[in-house]
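Breakdown of the fold
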Amino acid sequence: LEGMLDNMCCSFHMEGVGVLLVKLGNILMDMNPAGEVLLMVVVMDIKHAMPSSKPKARYYPGRVKSMSSALHVLLRYSTKFVSRLHEMLPTSIVDKLQNVYNI
């Protein structure tokens, strides 16, 4: 999805069309009653992006929930942090983190 977004940004730039990605975290909805962040957080990001002449390429509303008792103090990670972690680290390390810390 990230690669497709980058390609669309380049392709549509000449047409004057902006493309952005909203990567949701643990949002409270009917389908996810255990969510931690209200849907209004997503709406606020979209309200920022729509009228903006220079919106961000990516918005990261919400948090990613970890079920690990070992990291009880750090149970919730920002969606942006986890997304950047996936981009920077090798896949093997990300897989281990997901298995151990459930992020």
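Right above here is the structure, for reference.
Let us look at the structure shown here. (Residues numbered from 1 in each chain as written. Predicted model: local features only at pLDDT ≥ 70, side-chain atom pairs only at ≥ 80, totals over all residues. Heavy atoms only, no water.)

**Focus on the overall build of the chain**
Under the convention used in this document: Strands are runs of DSSP state E lasting at least 2 residues, helices are runs of H or I lasting at least 4, and numbering of each runs from the N terminus. Burial classes: relative accessible area under 20% of the type maximum marks a residue as buried, over 50% as exposed, and values in between as partly exposed (1.4 Å probe, protein chains only). Methods summary: accessible areas were calculated by the Shrake-Rupley approach with a probe of 1.4 Å, and residue burial reflects only the protein chains presented.
A count of helices and strands for the chain gives four helices and six strands. Overall, the chain shows an N-to-C arrangement of helices and strands of α-β-β-β-α-β-β-β-α-α. Here the chain holds 103 residues, and the buried ones make up 24% of them. Accessible surface for the chain amounts to roughly 7,400 Å². Of this, 63% is attributable to carbon and sulfur atoms.

**Digging into a nonpolar patch on the surface**
Note the cut-off: Patch construction takes residues with relative accessible area above 30% that form no salt bridge. Like charges are linked within 9 Å, and nonpolar side chains (Val, Leu, Ile, Met, Phe, Trp, Tyr) are linked within 5 Å. Salt bridge criterion: a side-chain nitrogen from Lys or Arg within 4 Å of a carboxyl oxygen from Asp or Glu.
A contiguous nonpolar patch, built from Leu28, Met29, Leu38, Leu39, Met40, Val43 and Met44 and spanning about 610 Å² of accessible area, is present on the exposed surface. Residue contributions to the nonpolar patch peak at three residues, all from helix α2 (residues 40-49).

**Quick look at the pattern of salt bridges**
In the structure shown here, the tally under the stated rule is two salt bridges. Note that Asp6 is salt-bridged to Arg58, the shortest N-O span being 2.7 Å. Note that Asp6 is positioned in helix α1 (residues 2-13) and Arg58 in strand β4 (residues 58-59), a separation of 52 residues in sequence. Looking at Asp6, the relative accessible area reads 37%, which means it is partly exposed. In this structure, the salt-bridge partner of Arg84 is Glu87, at a minimum N-O distance of 3.1 Å. Here Arg84 pairs with Glu87, and both are found in helix α3 (residues 79-88), just three residues apart, close to one helical turn. Residue Arg84 is classed as partly exposed on the basis of its relative accessible area of 35%.

**Some details on the environment of Tyr59**
Which entries qualify depends on this criterion: Any two residues whose heavy atoms approach within 4.5 Å are treated as being in contact. Residues adjacent in sequence count toward polar contacts only when both atoms are side-chain atoms; beyond that, a polar contact is any pair of N or O atoms within 3.5 Å, and within protein one must be able to donate a hydrogen and the other to accept it.
Within the secondary structure, Tyr59 sits in strand β4. For Tyr59, a relative accessible area of 2% translates into the label buried. Setting aside chain neighbours within four positions, we find Tyr59 in contact with Leu20, Leu21, Val22, Lys23, Asp45, His48 and Ala49. Looking at Tyr59, its side chain comes within polar contact range of the side chain of His48, at 2.8 Å. Only 3.2 Å separates the side chain of Tyr59 from the backbone nitrogen of Lys56, close enough to count as a polar contact.

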